[in-house]
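A look at the structure
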Amino acid sequence: METLDVIVIGGGAAGLFCAFSAGQRGYRVRVLEGSNRIGKKILMSGGGRCNFTNLRSTPANFLSDNPHFCKSALARYTPYDFLDLVEKHSMAYCEKTPGQLFCTASAKPIVAMLADECAQAAVRIDVNMPVKSVEKSREGFVVHTDHATMTARAVVVASGGLSIPKMGATDVGYRIARSFGLAIRPTRAALVPFTFTGDWHERMARLRGVSVEGAVTAGRTRFDDGILFTHRGLSGPAALQASSYWREGEPIHLSLQSPAGDAASLLDAKRHAPTRQLQSTLSRRLPKALAAEWIEGVFPAGVGKSLGDLPDAKLSWLEEQLAEWPLKPSGTEGYRTAEVTLGGVDTHALDSRTMAARDVPGLYFIGEVVDVTGHLGGHNFQWAWASGHAAAQAL
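Described in the following lines is the structure provided in the data block. (Residues numbered from 1 in each chain as written. Predicted model: local features only at pLDDT ≥ 70, side-chain atom pairs only at ≥ 80, totals over all residues. Heavy atoms only, no water.)

Side note on the sheet that holds strand β6 (residues 100–103)
The line we're drawing: When DSSP locates at least two bridges between a pair of strands, those strands are taken to pair. Numbering of helices and strands starts at the N terminus; helices are DSSP runs of H or I of at least 4 residues and strands are runs of E of at least 2. Orientation is described by axes fitted as lines to C-alpha atoms, over the contacting stretch for helices, and by angles from 0 to 180 degrees between their N-to-C directions. Contacts were defined at the residue level, with two residues in contact if any of their heavy atoms lie within 4.5 Å.
Spatial strand order, β3-β6-β5: 3 strands in an open sheet with antiparallel pairing. In this open sheet, the two edge strands, each paired with only one partner strand, are β3 (51–54) and β5 (93–95). Strand-to-strand, the axes of this sheet are offset by a mean angle of 25 degrees, without reference to chain direction. When β5 meets β6, the two strands line up antiparallel, connected through 3 bridges. Paired with Tyr93 across the bridge in β6 is Cys103. Sheet strands touched by helix α4 (residues 79–88): β3, β5 and β6. Its angle to β3, the strand with the most contacts, is close to 140 degrees.

Structure (structure tokens):
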């Protein structure tokens with residue numbers, strides 16, 4: 001049986017990038033992808049346009065039990081390095097918001113670019129090849145799949161996390177890590193919409209599709225961005241970001257104040273137009289439907305009341321609620337719609353410069369399977385490129 005130099009488990013962003021980077025260095029590389037095609041999550045990311053990096057990505061944009069772990073890899077392969085690769089392939093892209101780079105039309109060119117680089121580096125890619133287990137051998141490793149057994153001097157686990165199982169996500173990476181004695185940090189869905197029950201679930205369902213600029217705070221971390229009401233609860237960039245910091249049973253806080261801070265306060269409005277209704281006043285700051293549902297849910301006694309009917313103390317309280325409105329989610333939509341998985345292979349067991357398991361020479365873990373999770377906005381892709389580069393250089 002031929003012994004390969006490298007087997008990469010996973011045909012996603014991190015795996016493909018690591019594979020061709022290793023192939024360019026002369027290694028014989030084989031990629032094993034369990035689903036029926038490579039790059040599935042790439043194709044659906046960013047609304048189908050793939051936010052492939054963020055020019056402002058720094059270690060501060062990542063969560064991990066070991067926050068220093070990501071620094072080395074991110075410093076040695078930057079967003080501008082990946083942008084050089086994109087421009088080499090003459091791929092059209094745009095900067096949607098400051099730092100966030102997207103494909104102009106669809107994510108297909110990113111997958112095509114990675115596949116082309118693999119082909120040029122003589123990397124073999126096998127789809128429909130789910131890995132069952134990995135064992136240590138005298139030559140390196142034995143990899144067992146549903147269809148074949150193969151050997152390699154090194155194995156790179158780039159199998160991703162548990163998010164979006166319909167795309168083929170499995171726990172194989174965690175199982176491989178555990179089989180070699182590596183710890184797994186607790187995993188949970190991240191960058192995922194919040195869900196609610198009861199009265200606010202019904203109100204949010206009626207507000208489905210309504211969006212507003214504001215902020216969502218979970219714990220001590222606040223994100224100022226768009227908030228979207230859905231038939232199950234809350235989504236939008238601010239809510240998705242906050243979900244990575246939220247813990248079950250805790251409240252989140254929404255700010256529905258004008259981001260620019262230029263809206264007249266309710267007390268000022270009362271002085272200038274005391275006969276104006278509370279709802280019509282709030283409708284100048286919020287979408288009309290949201291203003292109506294918010295008053296009915298937060299202060300039902302204010303329905304139909306004019307500003308002059310309400311004491312200053314109550315208007316001040318309402319202003320405080322607009323600034324920091326507490327809500328307790330019942331949960332999240334879970335891995336079904338989560339963009340990433342928080343937690344994963346414990347970084348204390350890995351070398352931060354090489355992504356190698358400290359106690360298992362030749363075994364590497366990269367990308368989402370590792371306990372490094374980025375913020376929304378291209379940071380998780382940048383971790384895929386950087387960690388894949390680090391492992392490929394270390395081989």
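Side note on the pairing of strand β14 (residues 221–229)
Relative to β14, strand β13 (residues 211–218) is paired through 8 bridges, and the arrangement is antiparallel. If you follow Thr217 over to β14, its bridge partner there is Arg222. Two successive antiparallel strands, β13 and β14, enclose a turn made up of 2 residues, where Gly219 displays a positive phi of approximately 65 degrees. Of the strand pairs in this sheet, β14 and strand β15 (residues 233–235) are connected by 2 bridges, and their pairing is antiparallel. Directly across from Phe229, in β15, lies its bridge partner Leu234. The antiparallel pairing of β14 with β15 creates a hairpin that spans 3 residues between the two strands.

Quick notes on the packing of helix α1 (residues 13–23) against helix α5 (residues 108–120)
Worth spelling out the cut-off: In these notes the angle categories are as follows: under 35 degrees is roughly parallel, over 145 is roughly antiparallel, 65 to 115 is roughly perpendicular, and the rest is oblique. The sense of a crossing depends on the near helix, which, turned anticlockwise from the far helix by less than a right angle, makes the crossing left-handed and, turned clockwise, makes it right-handed. We call Asp, Glu, Lys and Arg charged. Ala, Val, Leu, Ile, Met, Phe, Trp, Tyr, Cys and Pro are nonpolar, and the rest, Gly among them, are polar.
Axis separation between α1 and α5 bottoms out at 8 Å; the angle between their running directions is 30 degrees. Taken together, the axes of α1 and α5 lie roughly parallel to each other. For the pair α1 and α5, the sense of crossing is left-handed. Each of Ala13, Leu16, Phe17, Ala19 and Phe20 in α1 lies in contact with α5, whose residues at this interface are Leu114, Glu117 and Cys118. Looking at the contact of α1 with α5, its residues break down into 7 nonpolar, no polar and 1 charged.

Quick word on unusual backbone geometry
Positive phi, close to 60 degrees, is recorded for Ala122, a residue that is not glycine. Tracing the chain through its elements places Ala122 in the loop between α5 and β7 (124–126). Look at Ile164: it is not a glycine, yet its phi comes out positive at around 55 degrees. With respect to the helices, strands and loops of the structure, Ile164 is situated in the loop between β10 (149–157) and α6 (172–179).

Looking at the sheet that holds β13
A sheet is described by the order of its strands in space; here 7 strands give the open sequence β17-β16-β13-β14-β15-β12-β18, paired in antiparallel fashion. Two strands bound the open sheet, and with one partner strand each, they are β17 (325–327) and β18 (331–332). Of the strand pairs in this sheet, strand β12 (residues 194–195) and β18 are connected by 2 bridges, and their pairing is antiparallel. Within β18, the residue paired with Thr195 across the bridge is Gly331.

Focus on the pairing of strand β9 (residues 141–145)
Along a regular strand, successive side chains alternate from one face of the sheet to the other. Selection criterion: Here's how the labels work: a residue is buried when its accessible area is under 20% of the maximum for its type, exposed when over 50%, partly exposed in between, all with a 1.4 Å probe on protein chains only.
Counting buried residues along β9, 4 of its 5 residues qualify, which places the element largely inside the surrounding structure. Here 5 bridges tie strand β8 (residues 131–136) to β9, and the two strands are oriented antiparallel to one another. The residue of β9 that forms the bridge with Val134 is Val143. Counting the residues between successive antiparallel strands, the hairpin from β8 to β9 contains 4 residues, one of them, Gly140, with a positive phi of roughly 155 degrees. Bridge analysis of β9 against β10 gives 4 bridges, and the strand direction is antiparallel. When the bridges of β10 are listed, Phe141 appears paired with Ala152. Between the end of β9 and the start of β10, which pair antiparallel, lie 3 residues.

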